[in-house]
Each structure stands twice: as structure tokens, then as C-alpha cells.
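The residues making up each chain are set out below.
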Amino acid sequence: MDNKDIFLIVAALAVATAVTRFLPFVIFPKDRKIPDFIVYIGKILPFAAVGLLVVSCFSGVSFLKYPYGIPEIVCVALAALLHWKKRNSLLSIAVSTALYMVLIQFVF
């Protein structure tokens, strides 16, 4: 792959990113009411994405072999508890990730 190919790939990615960022403002200008379906999708999609992430995190875990998914379950529960108590996504992600690393490296 030479420099021309690399430039074309980066340019195509830049154009695609710009289009996806500006397209909603073109389709839904300020003076037009946003359709109810789009508002609904905007409300429900973040929860669906989180559900998909949780399912994908547990997809490679074997609950029938040692350590039976214990580190994953403990860390997901900790992340949920921290987020529920502190309402800070970065804190819950960082602490639960750090605990997971400690558990798989030193405990299990």
C-alpha cells in the first residue's frame, strides 16, 4: 500500500465522518419538528446499546468451568452499584475494570 492509497482511505473516512455528523442537521433543521419515531429511537437506543454490550461481554464466559464467571459477575455488579450510587460512568467503569484485572491476574 503506497501513500496514494493511504491518502485515499483517510480522505474517504474523513468524508464519511463529516457526512454522518452533518446529515442529521440537514434532515432535521431547527424549524422542523422531529418525528416522534426518531425521538423514541433517541430515548431507547442508549439502553439497547448497553444491553448489547453486557451480552457481548458475557458471550465468551464459560459458567460451567472454573472460575464460573465469578470475576465477570462481581465486576458487573460493582459497576452497576457504583453507577447507581455515584452516577459517574467513568468512575464505575474504571473501578470495575481495575478490580477485574486484579481478580483475573492475582485471585483466579
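Residues numbered from 1 in each chain as written. Predicted model: local features only at pLDDT ≥ 70, side-chain atom pairs only at ≥ 80, totals over all residues. Heavy atoms only, no water.

**Things to note about the state of the cysteines**
- Within the structure shown, the criterion is met by zero disulfides.
- Here Cys57 is not cross-linked by a disulfide; its sulfur's nearest cysteine counterpart is in Cys75, at 11 Å.
- Judged by relative accessible area, which is 56%, Cys57 ranks as exposed.
- The exposure class of Cys75 is buried, given its relative accessible area of 7%. (Disulfide = S-S within 2.5 Å. Buried < 20%, exposed > 50% of the residue type's maximum accessible area, 1.4 Å probe, protein only.)

**Quick word on the packing of aromatic side chains**
- Summed over all chains, the structure comprises three aromatic pairs.
- The structure contains a cluster of three or more aromatic residues connected by ring pairs, namely Tyr66, Tyr68 and Phe108. (Phe/Tyr/Trp six-rings, centres within 6.5 Å; stacked < 30°, edge-to-face > 60°.)

**Points about unusual backbone geometry**
- Between Tyr66 and Pro67 the backbone carries a cis peptide bond, its omega angle lying at 5°.
- The backbone phi angle of Tyr68 is positive, close to 60°, even though this residue is not glycine.
- Of note, Tyr68 is situated in the loop between helix 2 (36–58) and helix 3 (70–86).
- What makes Tyr68 partly exposed here is its relative accessible area of 43%.
- One non-glycine residue, Arg87, lies in the positive phi region at around 55°.
- Looking at the element boundaries, Arg87 is found in the loop between helix 3 and helix 4 (89–107).
- Exposure remark for Arg87: the relative accessible area of 61% places this residue in the exposed category. (Helix = DSSP H or I, 4+ residues; strand = E, 2+ residues; numbered from the N terminus.)

**Observations regarding the pattern of salt bridges**
- For the structure on display, the rule yields one salt bridge.
- Here Lys33 makes a salt bridge to Asp36, at a shortest N to O gap of 3.0 Å.
- Classification of Asp36 as exposed rests on a relative accessible area of 58%. (Salt bridge = Lys/Arg side-chain N within 4 Å of Asp/Glu carboxyl O.)

**Considerations on the layout of surface pockets**
- In this model, the largest pocket occupies a volume close to 730 Å³.
- For the largest pocket, the lining is made up of 18 residues, of which Val54, Val76, Ala79, Ile93 and Ser96 are closest to its centre.
- Counting only elements with at least two residues in the lining of the largest pocket, the list comes to helix 2, helix 3 and helix 4.
- For the lining of the largest pocket, the element with the most residues is helix 4, which contributes seven residues.
- In terms of residue class, the lining of the largest pocket is built from 12 nonpolar, five polar and one charged. (1 Å grid on protein atoms, 1.4 Å probe; cavity = no way out; pocket = protein on both sides within 12 Å on 5 of 7 lines; lining within 4 Å. Points joined across faces, edges and corners; volume = space filled by probe spheres on them. Nonpolar A, V, L, I, M, F, W, Y, C, P; charged D, E, K, R; others polar.)

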